[in-house]
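Read off the chains here:
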Number of protein chains: 4
Amino acid sequence: MLAEIKGLNEECGVFGVWGHDNAAQITYYGLHSLQHRGQEGAGIAVTDGEKVTVAKGLGLVTEVFGQGEINDLHGKAAIGHVRYATAGGGGYQNVQPLHFQSHSGSLALAHNGNLVNATALKHQLENQGSIFQTTSDTEVLAHLIKRSGYQTLKDQVKNALTMLKGAYAFLILTETEMLVALDPNGLRPLSIGRLGDAYVVVSETCALDVIGATYVRDVEPGELLIINDGGLTSERFTLNINRAICSMEYIYFSRPDSNIDGINIHSARKNLGRQMAIEAPVEADVVTGVPDSSISAAIGFAEQSGIPYELGLIKNRYVGRTFIQPSQELREQGVKMKLSPVRKIVEGKRVVMVDDSIVRGTTSRRIVNMLREAGATEVHVRISSPPIKNPCFYGIDTSTTEELIAANHTVEEIREMIGADSLVFLSEKGLVEAIDRPYEGKYRGQCMACFTGKYPTEIYQDTLHPHEKVTC
Amino acid sequence: MLAEIKGLNEECGVFGVWGHDNAAQITYYGLHSLQHRGQEGAGIAVTDGEKVTVAKGLGLVTEVFGQGEINDLHGKAAIGHVRYATAGGGGYQNVQPLHFQSHSGSLALAHNGNLVNATALKHQLENQGSIFQTTSDTEVLAHLIKRSGYQTLKDQVKNALTMLKGAYAFLILTETEMLVALDPNGLRPLSIGRLGDAYVVVSETCALDVIGATYVRDVEPGELLIINDGGLTSERFTLNINRAICSMEYIYFSRPDSNIDGINIHSARKNLGRQMAIEAPVEADVVTGVPDSSISAAIGFAEQSGIPYELGLIKNRYVGRTFIQPSQELREQGVKMKLSPVRKIVEGKRVVMVDDSIVRGTTSRRIVNMLREAGATEVHVRISSPPIKNPCFYGIDTSTTEELIAANHTVEEIREMIGADSLVFLSEKGLVEAIDRPYEGKYRGQCMACFTGKYPTEIYQDTLHPHEKVTC
Amino acid sequence: MLAEIKGLNEECGVFGVWGHDNAAQITYYGLHSLQHRGQEGAGIAVTDGEKVTVAKGLGLVTEVFGQGEINDLHGKAAIGHVRYATAGGGGYQNVQPLHFQSHSGSLALAHNGNLVNATALKHQLENQGSIFQTTSDTEVLAHLIKRSGYQTLKDQVKNALTMLKGAYAFLILTETEMLVALDPNGLRPLSIGRLGDAYVVVSETCALDVIGATYVRDVEPGELLIINDGGLTSERFTLNINRAICSMEYIYFSRPDSNIDGINIHSARKNLGRQMAIEAPVEADVVTGVPDSSISAAIGFAEQSGIPYELGLIKNRYVGRTFIQPSQELREQGVKMKLSPVRKIVEGKRVVMVDDSIVRGTTSRRIVNMLREAGATEVHVRISSPPIKNPCFYGIDTSTTEELIAANHTVEEIREMIGADSLVFLSEKGLVEAIDRPYEGKYRGQCMACFTGKYPTEIYQDTLHPHEKVTC
Amino acid sequence: MLAEIKGLNEECGVFGVWGHDNAAQITYYGLHSLQHRGQEGAGIAVTDGEKVTVAKGLGLVTEVFGQGEINDLHGKAAIGHVRYATAGGGGYQNVQPLHFQSHSGSLALAHNGNLVNATALKHQLENQGSIFQTTSDTEVLAHLIKRSGYQTLKDQVKNALTMLKGAYAFLILTETEMLVALDPNGLRPLSIGRLGDAYVVVSETCALDVIGATYVRDVEPGELLIINDGGLTSERFTLNINRAICSMEYIYFSRPDSNIDGINIHSARKNLGRQMAIEAPVEADVVTGVPDSSISAAIGFAEQSGIPYELGLIKNRYVGRTFIQPSQELREQGVKMKLSPVRKIVEGKRVVMVDDSIVRGTTSRRIVNMLREAGATEVHVRISSPPIKNPCFYGIDTSTTEELIAANHTVEEIREMIGADSLVFLSEKGLVEAIDRPYEGKYRGQCMACFTGKYPTEIYQDTLHPHEKVTC
């Protein structure tokens, strides 16, 4: 799931808890289990009923928070956020939860997703005299809430949400309540659990398991939860909903032990692998997956095809932030840092290499090449998703259209470019069926815009250059 | 495998290269691929023919070395070292390569292993007026060399080595040559490769693959290599050899893509798993391995038994040094940080949990318990090695006898303590056969002292408390 | 000038330059010479005509900025700020220049002083929907500017300034111009210089000398300067001016080599010392000053009285932030860290100890005691300012009234509390005359509110607890 | 006393205490008061009777030690060391106290001075098989002690000391005693004090004052003190003594509040200034000293001559390690960072600029130039010491002969090079008389080798390149 290998970056994970004596510590462990969703920054906001305190920083959860920092966060409710690793931009000011203080109280805000009309809204607000302190989309919500004119926070938030377009899972914390909102398409996953008497809201269910909480249900598209000492209330801020959960959560982003909509990710991926073996069988000696995200699909392919599954590629677990890239000369000598083939496994073998997606194609070419240098006689690439041809505007940092190899080349051209003996992508129909198999084919609604170009929301002017904005 | 989970720690990895323009950078990548052998500290010594320069520090290779540090290490030959993560002790002074300078030249020293008579030798040297600056065994060799009285370094080293007892793979670098020595039992792995015209010496062959070098052969027990601009010369410093490579290298320590003595580690582990399925079959629904080191054995067990292999346990990749341990209260609530079960996979299932070894038993108990809480109806534990009943004096930080669960309890008692429905360890015979399978049963010589108590060397007084020394 | 010794803290220094190729570097040196005005944080904002870039951090100028940071600040104009060392509060977000960005351009803001109606203005702005990101008074100006409704920045700023009450020297930087404003009382010093063709604006003239610039004139109370590539324009934003420069700038804060209103600080302090010798002569053997700020006054006293000046007290130059305070037990044993008496100088002598002010009296008591323990037979304390009886609302962190020893005790009581043989404060008349001496008694207008209680501005409700706000 | 300004560096200060419950904390404060003697590194060794513990690091005392580090140093006796700021070399390994551990006990060593035969001794020891771990002279003593063959530490040390030539003040700490030795010339200052029942040994008496201890006496040349729970015993390790205390301690290095041999440093410097005014009177308007070390001499000159003393030069207190040097271009524009003239004081005036010494002459030229640019009509330079014509081999980092301006130029040439209207150095006779004045001319014995070339010890081959060694 290394950003550097894939070129696909999830944008953020959120976690909230209400009513637990160790709210900050529970949030720390929850965020830690969501770390794969973002490694740039982490933050926790906590309320003790009187005051909201925020601590945050750049880096991993375990780098930002030590025992001292956690001990200083007193209170029975907390929200937390992990932020994805962006190359340049970003910086400390954009680390969430954002914290807005005024004489009438404070507001902490954590967001997973991306708004497509944020720039337009921001310009309007600035023209009315608002001053923005971050370059993050998320701040727009705070200004809309402050200016809504309604009396209660709930009404202010509802009013503000009706102006937002795009993908969002929001957690809002004040001194006395927590609000939770999911966009009308439910583009990002968001689930509810119980931990004793406490309520927990998480981006992925693996966070519930890790803290020992019980899964209750997924948050519904267009739903607004109000959680306070009186309990949890559910409302709808819009009735105009159209379920479209991001397919890439199943294919690539989420942790294998998470479930979305009751479907286990590992199982879904195994099904994707099985489906590939049905759609595109091949004569071969071993099946290997590109670690870590394609292991499940590779096992599925192996089981379906009867070809044995092997560890043909090893990932170095110690690749860190400060890693020195091999010079061009050494790269040509074959110096490998992140991934290496297991020569004894692939030498003299026909290899099926299962991967979950191809973005720019450079990584695939390198891996195919590695396998051949290690002695593979044939390399058959099977991708457990359809070709990515369109950018994502909902919080995934895909390349722009120019960089997407499948937007500009046929499958046969790509096969040649990556040097494979054969290359097959999963069909769109196969994707839907494999994921929905537990529902016996009753289609539940996925966003497949990156494959099909059919976006579930309007697309605004300012989404044309998604890379210039700081989303999430 | 995380030290915290297992309680078994490898002690160090070494890497050397002679005759490459980017000696320091090559060493950096080589050490990086050996990082699993030690995470406490890393160092590189380089010679430009005139001067030996050393850079080292506490932490991972990527933490200790940035581009600047590597650029400052000029020269065509280098040796490097990664050091294992010890709880207390250690510290900067013990990070290797150790560097000894005098008016007649300098000596850098990197060591993998443990000397059993170091304390005795050290006392004798101190009585003769030597001053030690580290608490590391390794320094003894330097003093023996300095005091040997012979004229050439080669003769000084040969003389010094005859006084050492125990396990050692030594790399020695001076301004003008590199010496390599392996103990008479060949307890630690050490291999030779070529990278163009350069010679490379590595603790594990994965380091050869990563830098694009070609494997030549393993270093022989009792062999002394002298490498300089005239090429590589091989000599024997003793004829009294008795091959006994550490079994745990196959079972647990080495990387799956490494080969020792021509045997691939992943394949050896699969064979161990297959052997378990033959020796101790069981009715069950899924096979799962404890990540990462037991995955191969689990796949072997699954293949042999026909029970499907699944990802029943997920390891969090972001567990770092500064990790906050859950408080007792939260641990009782079931907060899990390093490892979590996949509920959807194990719920309602009879699970075979394959692990490579049991040291204290606490981790096994926790994992069995996790699986049950996640809904497993039965948990059958299969360990791909015999019970560890004796301490290791050759560089593995096993617990003392008091802490080794198998030294003090029967298998049935252990089964009950860890809460498994069944527990079977691999037989000693099965271990030998599974690893030697590629040699068709021709026994090649393994050290199995931790299982059998039969140590291949004399054991000295000062090895009774191995934990008080800084080895490696 | 150590905050810890005195209990009086200046609040900030500002520096601006327009039209110099090395604007950021010049600002670095300028801020460095103003470091005595604030050690908590430092920042520089620079414009290249297209974009305003800001770098800042906690700590000294030399800690916040390395060569890399300075090199990254491209542009021909810059403003900078040093912030005073506050015990708690503050933090990174309040370090200046504050930077406000919007789609219509950006605004950087540096402020020396304190607004007395900031809280009232902030509440009104929040009620209108503004969100504040800092707890600093300074941000109020940015919001007033954004909401003023005028077309040009100059008019927006003029309008905003009319709403502010209190002490302020503001530097404002946009992509294309720099604005400079001084409050209608001119409470804080602010001077203009030229460096080649460039314009320079500084809190103290020492910054002009250090960068090799020529002094032009002091900024006038109520003056607004607009500096851009067309040159410097001066306007008035109010005609209701009433000059009242802070007396403590002469007595204590400013550097001895600075001049305010043409009067050199060292010379002014010598005059204060001379005046003391006239008003309160005493029979004694040596005169000594409390370093560093009272040295000039002590020399003046010595010259006027004919008693020799000696280094009777030595200050340790290496007292840093992280200094460990002696435990109570060691303090009783007489452990001294910051200041120590020179026994050979004071032993058996009648000592005149000249200091510039007394705030809480604890430091004075400690120094008198030190001198006695070192053998002084008599200690006569002469303070080169009148008793401080009232809090400052204009940017000096004096204690509240409860803590000010002179607000609650007679001079005779204070003498007894500090253990002196005699104690005399300078008269108010003497203060005015000594400073104005170069003007031959033509009173130029000083704020003496901390001595007299006569404040030059209205005092608002929210100034009653000055310590709860972050000023400057 | 800034190394950068002067080009003369003291080499180290030592502090020891025996018999105090807060030994480490007392040592911390003592070292802090000796910080002017060395800013590169600091260390403390402490014994609790059973074990010697050492903590040390690069940087100032307050940077190396926090409350935690001090709290971890348990014991009733301690020695400490501050090390001077060397440009390159050095590094962590050379920070003292050096700590030598063996199975028979440990030895911590702190040294002020420089051995002239260290290289020769080191070669001999290496030829006998010793391995050195530092590049510091000090380590030679440890090896000599270890190899002496005597039974008791006292005898081992006595034997070792007879082999050393040069300047040394040694503190040695074992688990059960502290040894103190001063070289036969007494080249470095070393004094004894009492703090309650505890014994204290310090490089300068200011450290006694700071911790509240009482001065007892100076250590004698050739004296060895043995301090343990039985009290203090004094022995002589040689009778061949010849007192020659370093003159530069009086002129430049020591703190003004210290006394050497009963003579106060501030008073001695005032006498040097007075003597200058007698030897080389001049018509002028103001006297100013180069801060900080020449202030006392300037006051003396002013008093003797009747010309008023003024603060004509201001030193920036915030010049730190990480300071960015002005580029050539900015330096030409007159950017000054460390020292600035006070224009209002020197403008239109004839200035006497008193400094304590001239090493390379570059600093003097810059200051004279500054004063002229600030408007001084004449600049008369008076140096309160004779010309430095010879290198120091006893622990002062003077330039080599090639760099010493006075070794290669006449006074008239130097005057022209630094641009002064007149330049006079103090006479050798004047120096002796001024310092010995309190003894009424009875010459007490000073080392004046840097002025006269008459070295009080033999000079060895290896002292020819003093800059290549790490002394102290």
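Given the structure is predicted, the values throughout are model-derived calculations rather than measurements.

How each quantity is defined
Residues numbered from 1 in each chain as written. Chains lettered and ligands numbered in written order. Predicted model: local features only at pLDDT ≥ 70, side-chain atom pairs only at ≥ 80, totals over all residues. Helix = DSSP H or I, 4+ residues; strand = E, 2+ residues; numbered from the N terminus. Rg over C-alpha atoms; globule rule 2.2 N^0.38 Å. Buried ≥ 20, exposed ≤ 12 C-beta atoms within 10 Å, placed from the backbone. Contact = placed C-beta atoms within 7 Å. Nonpolar A, V, L, I, M, F, W, Y, C, P; charged D, E, K, R; others polar. UniProt positions renumbered as here; feature names shortened; annotations may be inferred. Least-squares fit on C-alpha atoms with pLDDT ≥ 70 in both. Expected span 1.5 Å × (residues − 1). Arc of directions from axis to C-beta. Pairing = 2+ DSSP bridges. Axes fitted to C-alpha atoms, helices over the stretch in contact; angles between N-to-C directions.

(A) Summary view of the overall build of chain A. Secondary structure summary: chain A contains 18 helices and 23 strands in total. The C-alpha atoms of chain A give 23 Å as radius of gyration, which agrees with the globular expectation for 472 residues (23 Å, within 12%). Overall, chain A is about 70 × 45 × 45 Å in size when its C-alpha atoms are taken along their principal axes. Burial analysis of chain A (472 residues in total) assigns 60% to the buried set.

(B) A look at the interface of chain C and chain D. Each partner contributes to the interface: chain C provides 52 residues, whereas chain D provides 51 residues. In terms of residue count, helix 2 (residues 23-33) of chain C provides more of the side of chain C that touches chain D than any other element does, five residues in total. Tallied by class, residues from the side of chain C that touches chain D come to 23 nonpolar, 20 polar and nine charged.

(C) Highlighting the UniProt feature "binding site: [4Fe-4S] cluster" (unreviewed entry) in chain A. Residues and elements named next belong to chain A. Following the UniProt record, the feature "binding site: [4Fe-4S] cluster" (unreviewed entry) maps to Cys-246, Cys-392, Cys-447 and Cys-450 here. Taken along the chain, the residues just named run across 205 residues; in space they keep tight, none of their C-alpha pairs more than 10.1 Å apart. Structurally, the position occupied by Cys-246 is in strand 14 (residues 245-246). Classification of Cys-246 as buried rests on a count of 29 C-beta atoms within 10 Å. Once you skip the residues sitting within four places of it in the chain, Cys-246 turns out to touch Leu-187, Arg-188, Tyr-394 and Cys-447. Here Cys-447 lies in strand 23 (residues 446-447). Residue contacts for Cys-447: discarding those within four places in its chain leaves Asn-185, Leu-187, Ala-244, Ile-245, Cys-246, Ser-247 and Pro-456.

(D) Representation of the interface of chain B and chain A within the structure. With 52 residues of chain B at the contact, the number on the chain A side is 52 residues. Listing elements by their share of the side of chain B that touches chain A, those giving two or more residues are helix 2 (23-33), helix 3 (61-64), helix 4 (67-71), helix 8 (206-211), helix 10 (265-279), helix 11 (295-305) and helix 13 (343-346) of chain B. A class-by-class count of the residues in the side of chain B that touches chain A yields 23 nonpolar, 20 polar and nine charged.

(E) View of the relation of the copies chain B and chain A. Turning chain B through 180° and shifting it by 0.0 Å along the axis lays it on chain A, with an RMSD of 0.1 Å. Each copy turns onto its partner about a two-fold axis. Taking the C-alpha atom as reference, chain B places Arg317(B) closest to the rotation axis, 3.8 Å from it. Comparing interface residues between copies, 100% of those in chain B also lie at the interface in chain A; the contact surface is shared.

(F) Broad picture of the UniProt feature "active site" (unreviewed entry) in chain A. All names here are of chain A. In the numbering adopted here, UniProt assigns the feature "active site" (unreviewed entry) to Cys-12. Looking at the secondary structure, you find Cys-12 in the loop between helix 1 (3-6) and strand 1 (13-18). For Cys-12, a count of 27 C-beta atoms within 10 Å gives the class buried.

(G) Structural context of helix 14 (residues 362-373) of chain B. All names here are of chain B. When the terminal C-alpha atoms of helix 14 are compared, their 17 Å separation across twelve residues agrees well with the 16 Å that a helix rising 1.5 Å per residue should span. Considered for burial, the residues of helix 14 that qualify are Thr-363, Ser-364, Ile-367, Val-368, Met-370 and Leu-371. Buried residues of helix 14, seen end-on, are gathered within an arc of 160° and therefore sit on one face of the element. Two residues or fewer past helix 14, Gly-375 is found with a positive phi of approximately 105°.

(H) Broad picture of the sheet that holds strand 12 (residues 223-228) of chain D. All names here are of chain D. Spatially, six strands are ordered 5-6-7-8-12-13 in an open sheet, and the strand pairing comes out antiparallel. Lying at the two open borders of the sheet, with one neighbouring strand each, are strand 5 (98-102) and strand 13 (231-236). Taken over all neighbouring pairs, the strand axes of this sheet differ in orientation by 20° on average, direction set aside.

(I) Looking closely at the sheet that holds strand 12 (residues 223-228) of chain A. All names here are of chain A. Across the sheet, six strands lie side by side as 5-6-7-8-12-13; this open sheet has antiparallel pairing. Of all the strands in the sheet, the pair left with one neighbour each is strand 5 (98-102) and strand 13 (231-236). Shown here is a sheet whose adjacent strand axes are inclined to one another by a mean of 20°, direction ignored. Relative to strand 12, strand 8 (residues 178-182) is paired through four bridges, and the arrangement is antiparallel. Across the sheet, the residue bridging to Val-180 is Leu-225, located in strand 12. Against the sheet, helix 7 (residues 153-161) engages strand 7 (166-173), strand 8 and strand 12, with an angle of about 20° to strand 8.

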